[in-house]
Amino acid sequence: MDSSKYEAFGGGHGTATAIFWELCVAPGSWDLLDAFDPRNIVVFMTGPLAGTGLAFAGRTSVSGLTPQSWPIEWFGHSNFGGSFAPMLKFAGWDGIVVEGKSESPVYINIVNDRVTLEDAKSLWGLNVWRLRKKSGRWRV
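Okay, so let's go over this structure.

Conventions we followed
- Residues numbered from 1 in each chain as written.
- Predicted model: local features only at pLDDT ≥ 70, side-chain atom pairs only at ≥ 80, totals over all residues.
- Heavy atoms only, no water.
- Salt bridge = Lys/Arg side-chain N within 4 Å of Asp/Glu carboxyl O.
- Helix = DSSP H or I, 4+ residues; strand = E, 2+ residues; numbered from the N terminus.
- Buried < 20%, exposed > 50% of the residue type's maximum accessible area, 1.4 Å probe, protein only.
- Core = buried A, V, L, I, M, F, W, Y, C linked by side-chain atoms within 4.5 Å.
- Contact = heavy atoms within 4.5 Å.
- Expected span 1.5 Å × (residues − 1).
- Polar contact = N/O pair within 3.5 Å; in protein donor to acceptor, adjacent residues only side chain to side chain.

Below, the discussion takes up the pattern of salt bridges. The tally for this structure, following the rule as stated, stands at three salt bridges. A salt bridge links E22 to K5; the shortest N-O distance between them is 3.1 Å. Taken together, the residues E22 in helix α1 (residues 12-25) and K5 in the segment before α1 connect sequence positions 17 residues apart. In this structure, K89 and D94 form a salt bridge, with 3.0 Å as the shortest nitrogen-oxygen distance. Judged by relative accessible area, which is 23%, K89 ranks as partly exposed. Owing to a relative accessible area of 31%, D94 belongs among the partly exposed residues under this scheme.

Another aspect to go through is the nonpolar core. If you look at the biggest cluster of nonpolar residues, it comprises 13 residues, and the most contacted ones within it are I19, F20, C24, I41, V43, M45 and L65. Looking at this core, the elements that each hand over two or more residues are α1 and β1 (41-46). Examining the composition of this core, we find that six residues originate from one element, α1, more than from any other. In this structure, L65 is in contact with F20, L32, L33, D34, A35, N40, I41, E73, W74 and F75, ignoring residues within four places of it in sequence.

On to α1. Counted at 1.5 Å a residue, the expected span for α1 with its 14 residues is 20 Å, and the 19 Å between its end C-alpha atoms agrees. The complete set of buried residues in α1 reads G12, T15, A16, A18, I19, F20, C24 and V25.

Below, the discussion takes up the side chain of D37. Position of D37 relative to the elements: it lies in the loop between α1 and β1. Take D37: its relative accessible area is 17%, and that puts it in the buried class.

As a further point, take helix α3 (residues 128-135). Across the eight residues that make up α3, only a small minority, zero, are buried. Two or three places before W129, at the opening of α3, N127 has a side-chain oxygen 3.1 Å from that residue's backbone nitrogen.

Here it is in C-alpha cells:
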C-alpha cells in the first residue's frame, strides 16, 4: 500500500486511524463491532521520526477495534517503544496492516522487502522469557 497519501495525517496514530477509516468504516462496515471479526484490521504504524536517532521517536502505534473497550468494542489505540519502529523503518516500511484471520498461530517475518507468515505453533503459549530462550535471542 502506498503510504504517501497518508502524509497529511502525520504518521503513527493519525495514519493508523485514516487507514482504519478507509478499510473498515468507509466501505459501510458500521456493523463491525467485534474485535475478532476477520474484517477488523490491526495497524502497526511508526511515527515520521522513527529510525532517525532522535530520542523518544521510536514508538509504534497499534490501532483497531479493541476487545478491552467494554461494553462495546470500539476503535482504540495504544503504543509501545523499543527497537521495533526503527527496525521496521530500516527495513523500508512505515507500518503494517494485518487483515483477516489465520487458521493457526502465525507470526509475521519481515526481512527488508520480503514479508512472510511463519508457523508459530511451537511458540504458542510461551511466556516472553521462554520465547526468547527458544529463539536464541537473549539480547536485542
